[in-house]
Amino acid sequence: APLWQIKAVRVVHDSEEKLVTYNNAWLELFGVPVAYTPYLSHPDPTVKRRSGLLAPSFTNSSDLGFQVRAPYFFAIDDYQDATFTPMLSTNGGQGAIGQYRRNFKNGFITADGSFVADDPDRGLRGYVDFESQVHIDKTWRAGLDVETASDDTYTRRYGFYTEPVLVSRGYMEGFRGQNYQALNTYAFNDLRPNADPDDSPVVLPMYDFNYSGKRDRLGGFASLDFNALNIVHDSGTDTRRLALRPRWDRPFSGPFGELYNASVSLAADAYHASGVERDNGTTYTGASGRLVPRASFSWRLPLVRPGTEYSQTIEPIASVVAAPNVGENDKIPNEDSQALEFDETNLFQDNRYDGFDRVDGGVRVNYGVNWVLNRNKGGYSSVFLGQSYRPREYTSSNQQTGLEDHFSDVVGRIQISPAKYLDVLYRTQFSPDNLSPQRNEVAATIGAPALSLNTNYIFIDKQQGSEFAGREEISGSITSQINRNWRTFVNARNDLAASDLRSVGLGIAYEDECVKFTTQVTRSFFEDRDLKPSDAITFTLVLKTLGEVHSGITQAQ
């Protein structure tokens, strides 16, 4: 017999309406009756979508009290539907959750939102997430995304997951051949602690044009990036920018299998800004610009040694980049290049900044070596180490990024995946003088389904001049698939810099062809404004083909 069954005194299957109706029905678990209802109906298995009540959820917390959410699904037609969920609580506010979805021939609309009318602390609170897109023709498409919340902690307090910064965007973009164009507008709602709404910019608008050419008569490839930006703040700096980035690359190979690439590029920028804070404490309003040519030449020599069980590749890599020594022009605002993270992924890039507002100048030599061991039956390991050298000290940034001295920090990566149940990735950055670490990152997955460990460790030293704080934390989980049906797991996160345990959880799950049940106990030590540390136990029961029920209890510490 199945783990759960629905039995009734009378069962009617209406094949025309595709409806199954039960009179005097009860639910049995392990053959024991646990619930009774005088009437129950649901669509038969041939129906994909039909209006009706969905399974409710029940939770209890010291903050919100007893809370009930009872969703109702509206199958409006084949192309649109909606879900409305009353949200009632004894200590928190009363409100509702809504969702509307519609697919068109050339686009879609999705709208999610929720509100609480009478929150005890803040009154009316809410959240909206609206997304839409329309394909105008084979080249162009446009869309509007709006995401905003009434305050910083509403979504977390009432259990809705969002990113720390909500982004609203209106856009039009086109794809044709080797070209891409986009016209964007942006607005931001920053939910992070200590965020100042006046610091959040509004982009009205930003235009991007990107072109990648095919091989020309000289064997090279031309590319072009163009950006036009107008960005405003409620207080602070307003910026208008034109940025042009033409580039030409010529790859070729040598007689011994070595690979070369020669390139020339140009950074041409024009600005008009108001209220730019200068190094001497004054502000500047007016026009400014720069013109930075750049040339680079790279070389790599992959040396392969095949074998019966393993093959090895040792690849020395080097490049030379030449550009004028440009320091930070304090008349040029910095909106999109706030932090430079030096690592093995951008060691050989001509310009290590992600945005347009800062340019990486000067002459430098980059060098490194990459070693790869491949197992012919599967699995591999790799090691990379690299560094950069400058005849003159770095002047493009006032941050301590590991590039300030003639010899930069050493960056490296070690990845070990020799077998199916082992995958370890280690990334590092350390000073060549005293080997002191500036960054260490470890991500590891070890073990089979019977017992598997997943852990992440990160250490990033505080960079002088950067708005981002340093951090050191470790998180991980242990999962055990006890047998075909039972699985257990435990997870934890610890802030090593503050010597604080942030969260810990323990759970168990059961699943077979009829049912899935999960329960988890968690303790969170996180505190932010009206969010307090709490203990919680949650239950999720899925009766397959019938519905899903959530329940839980949360107690503030």
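Preceding this section is the structure that the text describes.
Just so you know, these numbers come straight off a predicted model, no measurement behind them.

Conventions adopted
Along every chain, residues carry numbers that run from 1 in the direction the sequence is written. Reporting of local features is limited, given that this is a predicted model, to residues whose pLDDT is at least 70; pairs of side-chain atoms are given and counted only at 80 or more, and all residues count toward the totals for whole chains, interfaces and linings. Side-chain metrics rest on all non-hydrogen atoms present in the structure, leaving aside hydrogens and water. Under the scheme used here, helices are H or I runs from DSSP no shorter than 4 residues and strands are E runs no shorter than 2 residues, and both carry numbers assigned from the N terminus. What makes two residues a contact is simply this: any of their non-hydrogen atoms within 4.5 Å. Positive charges come from Lys and Arg alone, negative charges from Asp and Glu alone, with His and the N- and C-terminal ends not counted. A charge is said to be at NZ when it belongs to Lys, at CZ for Arg, at CG for Asp and at CD for Glu. Ring pairs shown here join Phe, Tyr and Trp side chains whose ring centres sit within 6.5 Å, with only the six-membered ring taken for Trp; geometry is labelled stacked below 30 degrees between planes, edge-to-face above 60, and tilted in between. Categorising residues by exposure relies on relative accessible area from a 1.4 Å probe, with only protein chains included: less than 20% of the type maximum marks a residue as buried, more than 50% marks it as exposed, and the intermediate range marks it as partly exposed. To sit over a ring, a charge needs its Lys NZ or Arg CZ within 6 Å of the ring centre and within 35 degrees of the ring normal. In this scheme, patches are assembled from residues that exceed 30% relative accessible area and form no salt bridge. Like charges are connected within 9 Å, while nonpolar side chains (Val, Leu, Ile, Met, Phe, Trp, Tyr) are connected within 5 Å. Residue burial considers only the protein chains on display, and all accessible areas are found by Shrake-Rupley using a 1.4 Å probe. Whenever Lys or Arg places a side-chain nitrogen within 4 Å of a carboxyl oxygen from Asp or Glu, that contact is recorded as a salt bridge. Grouping buried Ala, Val, Leu, Ile, Met, Phe, Trp, Tyr and Cys residues that are joined through side-chain atoms within 4.5 Å yields what is termed a nonpolar core. At least two DSSP bridges between two strands are required for those strands to pair. In this description, a line fitted to the C-alpha atoms serves as the axis of each element, helices being fitted only across the stretch in contact, and the angle between N-to-C directions of two axes falls anywhere from 0 to 180 degrees.

A. The overall build of the protein, seen in detail. The helix and strand inventory of the protein stands at 1 helix and 33 strands. Contacts in the protein between residues at least 24 apart in sequence constitute 45% of all its contacts with a sequence separation of at least 6. On the protein, the mean spot of the 55 positive side-chain charges and the mean spot of the 70 negative ones are 7 Å from each other.

B. Examining the environment of L218 more closely. Positionally, L218 belongs in the loop between β15 (202-212) and β16 (221-232). Separated by 198 residues in the primary sequence, L218 and I416 have C-alpha atoms spaced 41 Å apart. When near neighbours in sequence (up to four residues on either side) are disregarded, L218 contacts W248 and R250.

C. The arrangement of the packing of aromatic side chains in detail. In total, this model carries 14 aromatic pairs according to the counting rule given. Where Y389 meets F407, the ring centres are 4.7 Å apart and the plane angle is 45°; that geometry is what we call tilted. Placement of Y389 in strand β23 (residues 380-389) and of F407 in the loop between β23 and β24 (410-419) is noted, with a sequence separation of 18 residues between them. The exposure class assigned to Y389 is partly exposed, which follows from its relative accessible area of 28%. The exposure class of F407 is partly exposed, given its relative accessible area of 44%. Above the plane of the ring of Y171 lies R169, whose end atom (NZ or CZ) is 3.9 Å from the centre.

D. Broad picture of a nonpolar patch on the surface. A surface patch of nonpolar side chains, amounting to about 500 Å² of accessible area, comprises I446, L451, L453, I478, V490 and L506. Inspection of the secondary structure assignment puts I478 in strand β28 (residues 471-481). Classification of I478 by relative accessible area gives partly exposed; the value is 40%.

E. Focus on unusual backbone geometry. In this structure, the amide linkage connecting L204 to the following residue, P205, adopts the cis form with an omega of -15°. Of note, the phi angle at K18 is positive, near 55°, even though the residue is not glycine. Structurally, K18 is set in the loop between β1 (4-14) and β2 (19-29). The phi torsion at L435 lies on the positive side, around 60°, for a residue other than glycine. Within the fold, L435 resides in the loop between β25 (422-430) and β26 (437-448). Exposure remark for L435: the relative accessible area of 58% places this residue in the exposed category.

F. Just the nonpolar core, in detail. The biggest cluster of nonpolar side chains holds 11 residues, and these are L64, M87, I97, V116, Y127, A149, Y154, Y158, F160, L166 and L191. Excluding residues within four positions of it along the chain, Y154 makes contact with M87, S114, F115, V116, R125, G126, Y127 and F160. Core analysis: the next-biggest nonpolar cluster, separate from the first, contains 8 residues, L340, F342, L347 and V411 among them.

G. Structural detail: the sheet that holds strand β3 (residues 32-43). Here we have 3 strands laid out as an open sheet, ordered β1-β2-β3, and antiparallel in their pairing. The open sheet is flanked by β1 and β3, the only strands paired with a single partner. Each adjacent strand pair in this sheet contributes to an overall mean axis angle of 15°, direction not counted. Bridging between β2 and β3 involves 10 bridges; their strand directions are antiparallel. Directly across from A25, in β3, lies its bridge partner T37.

H. The pairing of strand β19 (residues 283-300), seen in detail. When strand β18 (residues 259-277) meets β19, the two strands line up antiparallel, connected through 17 bridges. Within β19, the position partnered with A273 by the bridge is G286. Hairpin remark: β18 followed by β19, antiparallel, with 5 residues in the connecting loop; positive phi at G281, about 90°. Two strands pair when backbone bridges link them, and β19 and strand β21 (residues 310-322) are joined in this way by 6 bridges, in the antiparallel orientation. Pairing of R300 across the sheet is with I317, part of β21.

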